[in-house]
Amino acid sequence: MILEEVKNYLDIPWETTPAEDAKLSSMIERGKAALAGKIGRCDFEGETQEKTLLFNHVMYERAGALNEFWSNYRGEIISLQMNRRAERYEAEKQKV
């Protein structure tokens, strides 16, 4: 489950309360929506670049530094956007 993976990534080894889990789950969902909105289709289940970005997004949000996330990972996000566009272009070429 992604919540457990995020807690491991954030070094949260203690038993969390339902309220803490709900807060982290909300951060995860907001991060998924924000990244998918910027990048397009994302795979958050496999060991992907998008998943790593999601974990970092949650870490930055939890630290109250979400604006810094967007600055620090701008290049990586742009690279993923370009890859998605190239994939769409190739898919369209295959249809023709």
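Look a little higher up for the structure.
Just so we're clear, the structure is a prediction, and the values are computed from it rather than from any experiment.

### Some details on helix α2 (residues 18-39)
Residue pairs spaced three or four apart in an α-helix point in one direction, given the helix's 3.6 residues per turn.
Point 1. If you check α2, its first and last C-alpha atoms are 31 Å apart, about what 22 residues at 1.5 Å a residue would give, namely 32 Å.
Point 2. By the burial criterion, the buried members of α2 are Leu-24, Met-27, Ile-28, Gly-31, Lys-32, Leu-35 and Ile-39. Around the axis of α2, the buried residues are gathered within 140° of arc, so they sit on the same side. Exposed residues on α2 whose side chains face more than 90 degrees from its buried face are Pro-18, Ala-19, Lys-23, Ala-33 and Gly-37.
Point 3. As for α2, its buried residues are in contact with α1 (2-9), α3 (49-62), α4 (66-72) and α5 (74-95).
Point 4. At the C-terminal side of α2, Gly-40 shows a positive phi close to 105°.

What counts, and where the lines are drawn
- Per chain, residues are indexed from 1 in the order of the written sequence.
- Given that this is a predicted model, residues contribute local features only at a pLDDT of at least 70 and side-chain atom pairs are listed and counted only at 80 or more, while totals for whole chains, interfaces and linings are drawn from all residues.
- Hydrogens and waters are ignored; side-chain quantities use all the structure's heavy atoms.
- Comment: elements are numbered from the N terminus, with helices defined as DSSP H or I runs of at least four residues and strands as E runs of at least two.
- Here a helix's expected span is defined as the number of its residues, less one, multiplied by 1.5 Å.
- Classification of residues uses two cut-offs on accessible area relative to the type maximum, computed with a 1.4 Å probe and protein chains only: under 20% is buried, over 50% is exposed, and between them is partly exposed.
- Throughout, the arc means the angular range of directions from the helix axis out to the C-beta atoms.
- Whether two residues are in contact is decided by their heavy atoms, any of which lying within 4.5 Å being enough.

Purely geometric numbers; function is a separate question.
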